[in-house]
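As a plain string of letters, each chain reads:
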Amino acid sequence: MIRINENYLKLKPTYLFSEISKRVNAFRESSPDTEIIRLGIGDVTKALPQACLDAFHRAVDEMSQDSTFKGYGPEQGYAFLREKIAEADYRSRGAEVSADEIFISDGAKCDTANIQELFAPDIRVAIPDPVYPVYLDTNVMSGRAGDLTDGRYDNIVYLDCTSDNGFVPSLPREKVDVIYLCFPNNPTGAAITREHLKVWVDYAREHKALILYDAAYEAFIRDPSLPRSIYEVEGAREIAIEFRSFSKTAGFTGTRCAFTVVPKSCMGYDASGDRHSLHAFWNRRQSTMFNGVSYPVQRAAEAVYSEEGRLQVRALTDYYMGNASLIREKIKSLGYPCTGGENSPYIWVRTGMDSWGFFDLLLSKAGVVCTPGAGFGRCGEGYIRISAFNSRENAERAMERIARVPNA
Ligand code: MLT
């Protein structure tokens, strides 16, 4: 008899985006003639930038000759990619990050999910609400959450993000050890200013907390005054781990490449109060459990930093941001209060009814898929998230269809 990890019993039975797929598939079967427009999961639709494709092809060709073939790569990822990231994403913006503090991976989802393994089972975790479900679910799986009452787990500290605080959470009122933050935010699209991020960094330093900073959407920031990395804030190197991804930036959702920065100055403590390097711990974890991202994919990611790659990636994100502004304006003109869509590819819409009800309404009456806010947490109830990742034509058609929905 195999004993199971009973923490899994505390989870909602399906992952949010799997539940949405289930409902969309059921609708497709019942209404086979309705063409569905997907503005739900943030999945890119445009082809990889040419510079990435060219690099990808060249690297595949290298794999075809014994003399240039590559087997297992370096555990942290190839230096050619880590060095480009350190220079272009950090040092050029005044943030001190070195190439050997960067770990290449196959996704920010896995990294934000796995990172909690480094911490003791009884730490206090602060999680925004609404939130990308991975942060919460992985802490539930590993036993940090108590019972679920009224949509909230005991032992988890929730940081409410509402229209009252502009969807940027206030500091916790009780002692916490690890804090998840995501900016530009998924799902609300909110951005954080440098001054406000400094408040969080100062808090973490003062209270010996660690910030897990998900910056997967930084490429969509258009306001030059906003920080793209937490390391642009002084003092963050000692208290923050940052996650980034090529998925949304360069169209890599199907290609898979991301990275995590664990500064060597980031420390954790054992029960006796002795310090340990989180960099060494993450290295140990990754080298034991992960075999790296394929060589051609890392070459394709490196091409993001070439001159033409930069221009192409900017054109790609500009394209989606064009959709975002179109969606935002249309939704506002229909009378729905909304945020996001200015420095983020997500638009967060107050619906005036329950979010799954509104989701079903848009699906059944307009054939448009969105993401119900309640799926991201209790504070998401009454909202939906609309993703800008689709073609311009589909974004326009989706908005026309929504405008025609009675009660929408
Ligand atoms: C989302 O729609 O929230 C994201 O695409 C999910 C992800 O990146 O895993």
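It should be emphasised that the depicted structure is a prediction, and the values quoted were computed from it without experimental measurement.

The rules behind the values
- Residues numbered from 1 in each chain as written.
- Predicted model: local features only at pLDDT ≥ 70, side-chain atom pairs only at ≥ 80, totals over all residues.
- Heavy atoms only, no water.
- Helix = DSSP H or I, 4+ residues; strand = E, 2+ residues; numbered from the N terminus.
- Contact = heavy atoms within 4.5 Å.
- Buried < 20%, exposed > 50% of the residue type's maximum accessible area, 1.4 Å probe, protein only.
- Pairing = 2+ DSSP bridges.
- Axes fitted to C-alpha atoms, helices over the stretch in contact; angles between N-to-C directions.
- Polar contact = N/O pair within 3.5 Å; in protein donor to acceptor, adjacent residues only side chain to side chain.
- Salt bridge = Lys/Arg side-chain N within 4 Å of Asp/Glu carboxyl O.

Details of the environment of valine 176
Inspection of the secondary structure assignment puts valine 176 in the loop between β6 (156–160) and β7 (178–182). Each C-alpha atom, one on valine 176 and one on leucine 210, is 9.0 Å from the other, the two residues being 34 residues apart in sequence. Discounting chain neighbours no more than four positions away, the residues touching valine 176 are Arg124, Ala126, Val157, Tyr203 and Ala209.

A closer look at the pairing of strand β10 (residues 258–261)
Here β10 shows no split at all, with Ala258 and Thr260 on one side and Phe259 and Val261 on the other all buried. Pairing geometry for strand β9 (residues 240–245) and β10, over four bridges, is antiparallel. Each residue of the ladder has a partner; that of arginine 244, found in β10, is phenylalanine 259.

Quick look at the sheet that holds β9
Sheet architecture is open: seven strands sit in the order β2-β10-β9-β8-β7-β3-β6, paired in mixed fashion. This sheet does not close on itself; its edge strands, each paired only once, are β2 (102–105) and β6. Strand-to-strand twist in this sheet, taken as the mean axis angle between neighbours without regard to direction, amounts to 20°. Alignment of strand β3 (residues 125–129) against β6, held across five bridges, turns out to be parallel. In the sheet register, alanine 126 faces β6, and the bridge partner there is valine 157. Strands in contact with helix α3 (residues 79–90) are β2, β9 and β10; relative to β2, the strand with the most contacts, it is inclined by about 115°. Against the sheet, helix α8 (residues 278–289) touches β2, β8 (210–214), β9 and β10, its axis set at about 25° to β2.

Some points on the side chain of serine 344
Note that serine 344 resides in the loop between β13 (338–340) and β14 (346–350). A polar contact of 2.9 Å, which involves the side chain of serine 344, links it to the backbone nitrogen of tyrosine 346. Discounting chain neighbours no more than four positions away, the residues touching serine 344 are Pro184, Asn185, Gly189, Phe220, Met321 and Ala324.

Digging into the pattern of salt bridges
All told, the structure shown has 31 salt bridges when counted by the stated rule. With its nearest N and O atoms 3.0 Å apart, the salt bridge here joins glutamate 218 to arginine 228. Here glutamate 218, found in the loop between β8 and β9, pairs with arginine 228, found in the loop between β8 and β9; they are 10 residues apart in sequence, far enough to count as distant. Across the pair arginine 222 and aspartate 318 runs a salt bridge, and its minimum N-O distance is 3.0 Å. One end of the pair, arginine 222, is in the loop between β8 and β9; the other, aspartate 318, is in helix α10 (residues 307–333), and 96 residues separate them in sequence. Members of the salt-bridge network, linked through shared partners, are Asp89, Glu218, Arg228, Glu242 and Arg244.

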